[in-house]
Amino acid sequence: MFLRLAIVFLLLLLPFDLLAAGDRYGYPIEGAYEATILGTPPQMIPVYPEKIRMRSLVLDVLPERVKPPIFFYDTGLRCTFAWQKKKAPLVFLIAGTGASDRADKLITMLKAFYHAGFHVITLPSPTNANFIVSASRSCIPGDLTDDSADLYHAMEVAWEKVRGEIEVSSFNLCGYSLGGDQAAFVAKLDEDRQVFNFRKVLMIDPSVSIYTSITRIEDLLKKVPGGPHQEGIFFNRMLSRFSEYYRSSNFVTLNDEFLYTMYRERLFSSEETGGLISLTFRINLGGMIFASDVMTNSGYIVPKNKVLMQSDSLYDYFMVSSHLSFFEYFNEYFYPYFQSKRPGLTIQQLAAAQSLKSIEGYLANTPKIGVVANENDFLMGPGDLEYLRNLFGPRLKVYPKGGHLGNLEYRDNLEEMVAFFR
């Protein structure tokens, strides 16, 4: 609940820029940080028919899994399934970092594909608590190879559950952000397993290096007043500023007009906007670490062998986990686990494995894989966009703006996304 409220407030704090007249690409938000958090204005998101044959799938991916009492509500991996009455291609959609199978962006993509005549199955990110609890074999998310193998297994279980209900002409795969990177690794795994023989695979705003991208997110917090150790004070100050402005204005509801008015007042700097993105990431990361720690009984946050019950307060654990940086998770928790599994593994080798470069030979010679990126995606490191251009050539589509995923729901982007699979 706190995470949901926090994200809502973050969305309401940020400025909105309009595109200069005459620009051929009509997505309207200029700033990379602003686009990332505000996304696409509602009037620029296509309106699809309301009637969709859609239902939830709850999958028993790991039948032997014993779940701690604190996760009493988790009855299986949650996916969303939309189907056509006739034979049609099926597309699996992989969510981005921390997102569930019903994330807003994922459901918009589902609607776009469904409207175009596809069967669709959405999957949560392996960094989502539901996936960690119900589908991750190690329960330690973050490794592209392991997480993609878990995703592939979940897809097999999902397909087995629905295959008697639909006719499928081909299998396809699409993911955004971290899900985009995972789509590439899943596709490579499928070359060996050949369960699906994916016809087309699309990566939307992937990272060249996960480690580099998260480093750039963490660096945003260093730019806010007081630095990364003052995130609580910074967030409270942003929230207070928002509340004061809302009380002093004439608005009754929090809507688009209110956002535009806040933009005109220029209440927040670019550094503050970036800091809010980093704080949101920290909150997501905290939820992931908590779920992983409880499932593995590692004693990293929750004392080892402590059994959390439904009635136990989680506030203290939330506060501890949300203040952990990615580097603390990587160095103190993630790396020791993989080093124990792979003796001699160095931190540098593990970080390098979380990169498209580790499978670039496959990606360079696989015509079925396409990539979408934004020129001003701040998660790209120096030379990353040029690397994608050299690796994918004409299979790469670059939009002039959109930040990270900000333009994913924009009508032109959705049309071209669907066209790629046709």
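Chemist: Tell me what's going on with the overall build of the protein chain, and back it up with residues and numbers.
Modeler: Summing up its helical and strand segments, the protein chain has 16 helices and 8 strands in all. Across the 422 residues in the protein chain, those meeting the buried criterion constitute 56%. In the protein chain, 76% of the contacts between residues at least 6 apart in sequence involve partners at least 24 apart. About 18400 Å² of surface is accessible on the protein chain, with carbon and sulfur atoms providing 53% of the total.

Chemist: Go over helix α5 (residues 144-162), please, and point to the residues and values.
Modeler: For an α-helix the count is 3.6 residues per turn, leaving residues at separations of three or four pointing the same way. Taking 1.5 Å of rise per residue, the 19 residues of α5 would be expected to cover 27 Å, and the 27 Å separating its terminal C-alpha atoms lies within 8% of that figure. Buried within α5 we find Leu144, Asp147, Ser148, Asp150, Leu151, Tyr152, Ala154, Met155, Glu156, Ala158, Trp159 and Val162.

Chemist: Tell me about the side chain of Asp205, and please be specific about residues and values.
Modeler: Within the element layout of this structure, Asp205 appears in the loop between β6 (200-204) and α7 (210-222). There is a polar contact of 2.7 Å between the side chain of Asp205 and the backbone nitrogen of Leu405. Ignoring anything within four residues of it in the chain, the contact list for Asp205 reads Ser177, Val372, Ala373, Asn374, Asp377, Gly403, His404 and Leu405.

Chemist: Pulling in residues and values, what's your account of the packing of helix α3 (residues 104-115) against helix α16 (residues 411-421)?
Modeler: Contact geometry for α3 and α16: axes closest at 10 Å, N-to-C directions at 55°. Comparing the axis directions of α3 and α16 gives the class oblique. For the element pair α3 and α16, the recorded crossing hand is right-handed. Facing Thr108, Met109, Ala112 and Phe113 of α3, the residues of α16 in contact are Leu414, Met417, Val418 and Phe421.

Chemist: Could you give me a rundown of the sheet that holds β6, with the residues and numbers involved?
Modeler: Taking strand neighbours across the sheet as the criterion, the 8 strands line up as β1-β2-β4-β3-β5-β6-β7-β8 in an open arrangement whose pairing is mixed. Lying at the two open borders of the sheet, with one neighbouring strand each, are β1 (54-59) and β8 (396-399). Strand-to-strand, the axes of this sheet are offset by a mean angle of 20°, without reference to chain direction. Of the pairings in the sheet, the one linking β1 to strand β2 (residues 77-82) comprises 6 bridges and is antiparallel in character. Within the sheet, the bridge partner assigned to Leu57 lies in β2 and is Cys79. On the sheet, helix α15 (residues 384-392) packs against β6, β7 (369-374) and β8 and is oriented at approximately 150° with respect to β8.

Chemist: Just give me the short version of the pairing of β7, but keep the residues and values in it.
Modeler: Taken across its 6 residues, β7 has 6 buried, putting it largely inside the fold. Burial along β7 is two-sided: Ile369, Val371 and Ala373 facing one way and Gly370, Val372 and Asn374 facing the other are all buried. Sheet analysis places β6 next to β7, joined by 4 bridges and oriented parallel. From the neighbouring strand, Val201 faces β7, where its bridge partner is Ile369. In terms of strand pairing, β7 meets β8 through 4 bridges, oriented parallel. By the bridge assignment for β8, Val372 is matched with Lys397. Traced from β7 through α15 to β8, the parallel crossover comes out right-handed.

Chemist: Residue-level account of the side chain of Ser209, with values.
Modeler: Looking at the element boundaries, Ser209 is found in the loop between β6 and α7. Using a relative accessible area of 13% as the deciding quantity, one classes Ser209 as buried. A distance of 3.1 Å separates the side chain of Ser209 from the backbone nitrogen of Thr212, its partner in a polar contact. The contacts of Ser209, once residues within four sequence positions are left out, are Gln354 and Ser355.

Chemist: Please set out the packing of aromatic side chains residue by residue, giving values where relevant.
Modeler: The full count for this structure, using the stated rule, is 28 aromatic pairs. An aromatic cluster is present here, built from Tyr211, Tyr300, Phe326, Phe327, Tyr329, Phe330, Tyr333, Phe334, Tyr337 and Phe338 joined pairwise through their rings. If you follow Arg55 out to its NZ or CZ, it ends over the ring of Trp83, 5.4 Å from the centre. When the ring centre of Tyr387 is taken as origin, the NZ or CZ atom of Lys357, which lies over that ring, is 5.1 Å away.

Chemist: Describe the pattern of salt bridges, naming the residues involved and giving the relevant values.
Modeler: Opposite charge on two side chains permits pairing when their charged atoms draw close. As enumerated under the stated definition, the model contains 12 salt bridges in all. Close ionic contact of Glu218 with Arg282 constitutes a salt bridge, the shortest N to O distance being 2.9 Å. In this pair, Glu218 is assigned in helix α7 and Arg282 in helix α10 (residues 270-296), connecting sequence segments 64 residues apart. Residue Glu218 is classed as buried on the basis of its relative accessible area, which comes to 4%. Residue classification places Arg282 among the buried residues on the basis of a relative accessible area of 6%. Glu386 is the partner of Arg389 in a salt bridge, and the nearest nitrogen-oxygen pair spans 4.0 Å. Separated by 3 residues within a single helix, Arg389 and Glu386 lie in helix α15, roughly one turn from each other. Overlapping salt bridges bring together Glu375, Glu386 and Arg389 as one network.

Chemist: Residues and numbers for unusual backbone geometry, please.
Modeler: One non-glycine residue, Gln194, lies in positive phi territory at about 55°. Topologically, Gln194 is positioned in the loop between α6 (178-193) and β6. One non-glycine residue, Asp205, adopts positive backbone phi at about 50°.

Chemist: Now, about the nonpolar core: what can you tell me, with residues and values included?
Modeler: Core analysis: the biggest nonpolar cluster contains 95 residues, and Phe92, Met155, Leu173, Phe198, Leu363 and Phe392 have the highest contact counts within it. A total of 11 residues in this core trace back to one element, the largest contributor, which is α10. Other than its neighbours up to four places away in sequence, Phe198 contacts Phe92, Tyr152, Met155, Phe171, Asn172, Leu173, Val186, Ala187, Asp190 and Lys368. Core analysis: the next-biggest nonpolar cluster, separate from the first, contains 35 residues, Tyr114, Leu202, Leu408 and Met417 among them.

Calculation criteria
Residues numbered from 1 in each chain as written. Predicted model: local features only at pLDDT ≥ 70, side-chain atom pairs only at ≥ 80, totals over all residues. Heavy atoms only, no water. Helix = DSSP H or I, 4+ residues; strand = E, 2+ residues; numbered from the N terminus. Buried < 20%, exposed > 50% of the residue type's maximum accessible area, 1.4 Å probe, protein only. Contact = heavy atoms within 4.5 Å. Areas by Shrake-Rupley, 256 points an atom, 1.4 Å probe, with all protein chains shown as cover. Expected span 1.5 Å × (residues − 1). Polar contact = N/O pair within 3.5 Å; in protein donor to acceptor, adjacent residues only side chain to side chain. Axes fitted to C-alpha atoms, helices over the stretch in contact; angles between N-to-C directions. Parallel < 35°, antiparallel > 145°, perpendicular 65-115°, else oblique. Left-handed = near helix turned anticlockwise from the far one by under 90°. Pairing = 2+ DSSP bridges. Right-handed = clockwise from strand over helix to strand, strands pointing away. Phe/Tyr/Trp six-rings, centres within 6.5 Å; stacked < 30°, edge-to-face > 60°. Lys NZ or Arg CZ within 6 Å of the ring centre and 35° of its normal. Salt bridge = Lys/Arg side-chain N within 4 Å of Asp/Glu carboxyl O. Core = buried A, V, L, I, M, F, W, Y, C linked by side-chain atoms within 4.5 Å.

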